[in-house]
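Descriptive analysis of the structure
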Amino acid sequence: MRCQKCGKALDPRSRFCTNCDYDNYPEIRQYNLIDETEQYSLSNAAKAWIPQVVLSGQATYQSATPTYPERFSDLMSAYGIEMTGLRNDQYKLAVDVSQNIWDGGLTKANKAIAKADAAEQRSRVDVSLYQLKMRVDQLYFGILLLDERVAQVKNAINVLESNLGRMKSYQKNGVARQSDVDAVEAELLTTLQTLKQIEASRTSYRRMLEVFIGSKLSDATLKRPEMTEVESRVSARPELAMFDAQTNLLSSKRQALRASLMPRFSAFAQGFYGYPGLDMFKDMMSSKWTLNALVGVRMTWNLSAFYTKKNDIGIILVGFAILMTGMDIMSSSVSGLKESESFKSILTMFENPILGIIMGTVLTAIIQSSSASVGILQALALSVGIPYGVAVPIIL
């Protein structure tokens, strides 16, 4: 079955088009922003291998400058050569061109960080959109449950109306009293009120679902999804992908930290116009500005990076610790359930995939976090030993 709006396949569970649901959710626009940010970051990292050009200028006044010894000056004066020495005021306009040769892997690490950071941000959006899908599922299955309750209450009303007719007949024949008839009528009235409340709740659920999917349900009857076979035992929850993306980002930052501690080599060329130049003897006899140039290979090693190395590693390790602490807390909090026979008997009730899906929906609705529900289930799997046949439907 395909969506009439976009032509794509409908969700086999909810019978609604996930793409149309996402189009109504503003956060879907973040994907384009994340892609653009990633491209800019990668482009900036790649520019580290483009020759870097720096223009500079300076004007200084020095308290002392190189001069000739007095005897040597007297000797030069005897031959008619006037050498006054360097002036105290000096000027320079320079251009510096450098080409990176080896940066210790820092550029590669920065590219990896840009990709990992974009992947982590995408995974966060995936989680948000999956939570949107979970809200749609909650509304959908909530409507199905309310439909079943309406059917049950209507059956109860039919039974009470039949009992009321029978009780009135008994009263006419003197077998029952008026109080018995009143009791059945009161029970029937209470049941009718319950039916109105359930129908009002179902109407509210349907209106909320219309807002999420962006289309009218009208009087369409929602169908219960068919039972499906679990083909894979690997969970496809986006929260798990987000944890992997966060781990990859932290690993990339650690690689960049190692690269920042390495020396860097580059080729450079410098040229400047000013006074004094590279020929000091010539400048001692003349104060004219001259053109000067030099080329070579440069090594730079930022030793101050070692000062903050421990703190930087600590920040990365704290990030890993945050990922693991939540799981450890959840695991320890449910460890006592391992010995509870009643809890194990409750879990076996959800071997039916439909019941497991409904259980996962209810759990997520109660704690308002699909990430927390997955974490709790993983902790239970570690502590209690939930079988795959029970865990997978609840995760879904």
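Residues numbered from 1 in each chain as written. Predicted model: local features only at pLDDT ≥ 70, side-chain atom pairs only at ≥ 80, totals over all residues. Heavy atoms only, no water.

1. Things to note about the packing of aromatic side chains
Enumeration over the complete set of coordinates arrives at four aromatic pairs. Taken together, a centroid distance of 6.4 Å and an interplanar angle of 35 degrees make the contact between Trp 102 and Phe 265 tilted. In this pair, Trp 102 sits in strand S2 (residues 89-102) while Phe 265 sits in strand S3 (residues 264-275), placing the two residues 163 residues apart along the sequence. Take Trp 102: its relative accessible area is 38%, and that puts it in the partly exposed class. Residue class for Phe 265 comes out partly exposed when judged on its relative accessible area of 31%. One aromatic cluster is present, formed by Tyr 91, Tyr 273 and Trp 289 through successive ring pairs. The ring of Phe 272 has Lys 92 sitting right over it, with the charged end atom 4.6 Å from the ring centre. (Phe/Tyr/Trp six-rings, centres within 6.5 Å; stacked < 30°, edge-to-face > 60°. Helix = DSSP H or I, 4+ residues; strand = E, 2+ residues; numbered from the N terminus. Buried < 20%, exposed > 50% of the residue type's maximum accessible area, 1.4 Å probe, protein only. Lys NZ or Arg CZ within 6 Å of the ring centre and 35° of its normal.)

2. Regarding the sheet that holds strand S1 (residues 52-61)
Reading across from one edge, S1-S2-S3-S4 is the order of the four strands in this open sheet, with antiparallel pairing throughout. Either end of the sheet is taken by a strand with one partner, and the two such strands are S1 and strand S4 (290-300). Taking each pair of neighbouring strands and ignoring which way they run, the sheet shows an average axis angle of 20 degrees. Relative to S3, S2 runs antiparallel, the two sharing 11 bridges. Looking at S3, one finds that Asp 96 is bridged to Gln 270. (Pairing = 2+ DSSP bridges. Axes fitted to C-alpha atoms, helices over the stretch in contact; angles between N-to-C directions.)

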